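Understanding the architecture of this molecule
Each chain, written out:
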Amino acid sequence: MTEVRPASPHDLEALYRIALLTGDHGGDASRLYEDPRLVGHIYAAPYAVLSPQTAFVAEDAQGVAGYIVGALDTRAFEAQLERDWWPALRARYNDPSDQPPSTWTPDQMRAWLIHHPYPTPDRVLTGHPSHLHINLLPRLQGQALMDRLLTDLAGSGSPGVHLGTSLANARARRFYELYGFRTVERPARARSETVWMQYRLR
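As a starting point, this report considers the structure included with it. Bear in mind that the values here come from a model prediction, so they are computed numbers and not experimental data.

On to the pairing of strand β7 (residues 194–200), then. Relative to β7, strand β5 (residues 160–166) is paired through 7 bridges, and the arrangement is antiparallel. Within β7, the residue paired with G164 across the bridge is W196. By the bridge criterion, 3 bridges tie strand β6 (residues 182–185) to β7 in an arrangement that is antiparallel. Paired with T183 across the bridge in β7 is M197.

Now for the side chain of E185. As for its position among the elements, E185 is in strand β6. Given a relative accessible area of 17%, E185 falls into the buried group. One polar contact links E185 to R123, side chain to side chain, over a distance of 2.6 Å.

Moving on, we get to the pattern of salt bridges. On inspection of all chains with the given rule, the structure shows 10 salt bridges. The partner of E78 in a salt bridge is R75, with the nearest N and O atoms 2.8 Å apart. Highlighted residues: E78 and R75, both in helix α4 (residues 74–84), separated by 3 residues, approximately one helical turn. Residue R75 is classed as partly exposed on the basis of its relative accessible area of 32%. Between R75 and D122 there is a salt bridge whose closest N-O contact spans 2.6 Å. Taken together, the residues span a long stretch of sequence, with R75 in helix α4 and D122 in helix α7 (residues 122–125) at a distance of 47 residues. The exposed category is assigned to D122, whose relative accessible area is 55%. When salt bridges that share partners are traced, they join R5, D11 and E59 into one network.

This brings us to the packing of helix α8 (residues 143–155) against helix α9 (residues 170–179). Their axes nearest at 12 Å, the elements α8 and α9 cross at an angle of 55°. On the basis of their axis angle, the class for α8 and α9 is oblique. The way α8 lies across α9 gives a crossing that is right-handed. Where α8 abuts α9, its residues Q143, M146, D147 and L150 lie against F175, Y176 and Y179. Of the residues contributing to the contact of α8 with α9, the split by class is 5 nonpolar, 1 polar and 1 charged.

The next thing to look at is the environment of H128. Tracing the chain through its elements places H128 in the loop between α7 and β4 (130–136). Along the chain, H128 and L72 lie 56 residues apart, while their C-alpha atoms are 9.7 Å from each other. With sequence-adjacent residues up to four places away left out, H128 is seen in contact with G160, V161, H162, Q198, Y199 and R200.

To continue, consider the nonpolar core. A general tendency of soluble globular proteins is for nonpolar side chains to be buried together. With 54 residues, the main nonpolar core has L132, M146 and F181 as its most contacted residues. Excluding anything up to four places from it in sequence, M146 contacts I68, L132, I134, F175, Y176, Y179 and F181.

Turning our eyes to something else, we now look at helix α6 (residues 106–115). Of the positions making up α6, those classed as buried are D107, Q108, R110, A111, I114 and H115. Taken around the axis of α6, the buried residues stretch over an arc of 160°, which confines them to a single face.

Even without a glycine there, the phi angle at H25 is positive, about 55°. With respect to the helices and strands, the residue H25 is situated in the loop between α1 (12–21) and α2 (38–43).

Here we take up the environment of G127. If you trace the backbone, G127 turns up in the loop between α7 and β4. Taking the C-alpha atoms as reference, G127 lies 27 Å from A7; in sequence the two are 120 residues apart. With residues up to four places along the chain from it excluded, the contact list for G127 reads P159, G160 and R200.

So, about α1. Taken residue by residue, α1 has A14, L15, Y16, I18, A19 and L20 as its buried positions. Where α1 is buried, its residues meet α2, α3 (45–50), β2 (55–60), β3 (63–71) and β4.

Criteria and cut-off values
- Residues numbered from 1 in each chain as written.
- Predicted model: local features only at pLDDT ≥ 70, side-chain atom pairs only at ≥ 80, totals over all residues.
- Heavy atoms only, no water.
- Pairing = 2+ DSSP bridges.
- Helix = DSSP H or I, 4+ residues; strand = E, 2+ residues; numbered from the N terminus.
- Buried < 20%, exposed > 50% of the residue type's maximum accessible area, 1.4 Å probe, protein only.
- Polar contact = N/O pair within 3.5 Å; in protein donor to acceptor, adjacent residues only side chain to side chain.
- Salt bridge = Lys/Arg side-chain N within 4 Å of Asp/Glu carboxyl O.
- Axes fitted to C-alpha atoms, helices over the stretch in contact; angles between N-to-C directions.
- Parallel < 35°, antiparallel > 145°, perpendicular 65-115°, else oblique.
- Left-handed = near helix turned anticlockwise from the far one by under 90°.
- Contact = heavy atoms within 4.5 Å.
- Nonpolar A, V, L, I, M, F, W, Y, C, P; charged D, E, K, R; others polar.
- Core = buried A, V, L, I, M, F, W, Y, C linked by side-chain atoms within 4.5 Å.
- Arc of directions from axis to C-beta.

The following block contains the structure:
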């Protein structure tokens, strides 16, 4: 039986582990990175630390197997990251901007994002100010996690939620579509790999 519950500080290492094991378009990224915490620094840990009220895990008999994290107000969360999360990481990881991007390692690509986080486009935020990230080990289904966070966001007054997913992660996009998310921007691969999707809460 799987239990969905609020994330606690004791779950932080599990979040880092799952972020890494699902960080390659939904697959295992552990062989890509020299620093196994880089993916989690960006997509998991800051939510559990800075916005624990919108961070949940799914735990079965084998342990924590998935998480969903998000923010009620994306712009406010981006500002909080800039103030309380990125500075310490920027001191730890060098900005690779002085080197040609074509030479960057996967670690350097993530380090660049720490120094130059990409703000969510206004056009995606309109009517959908909340956002989420959900990452699951293969043994887990994600509907219960999605139900829990979206119910909480709606109860907090959010009119809608958005997410960005990789163009290459067809499995994740199919899950979101079946849940009811709609694709609002699917750019050409040459310009960006991010597919933006939205879900109306009210």
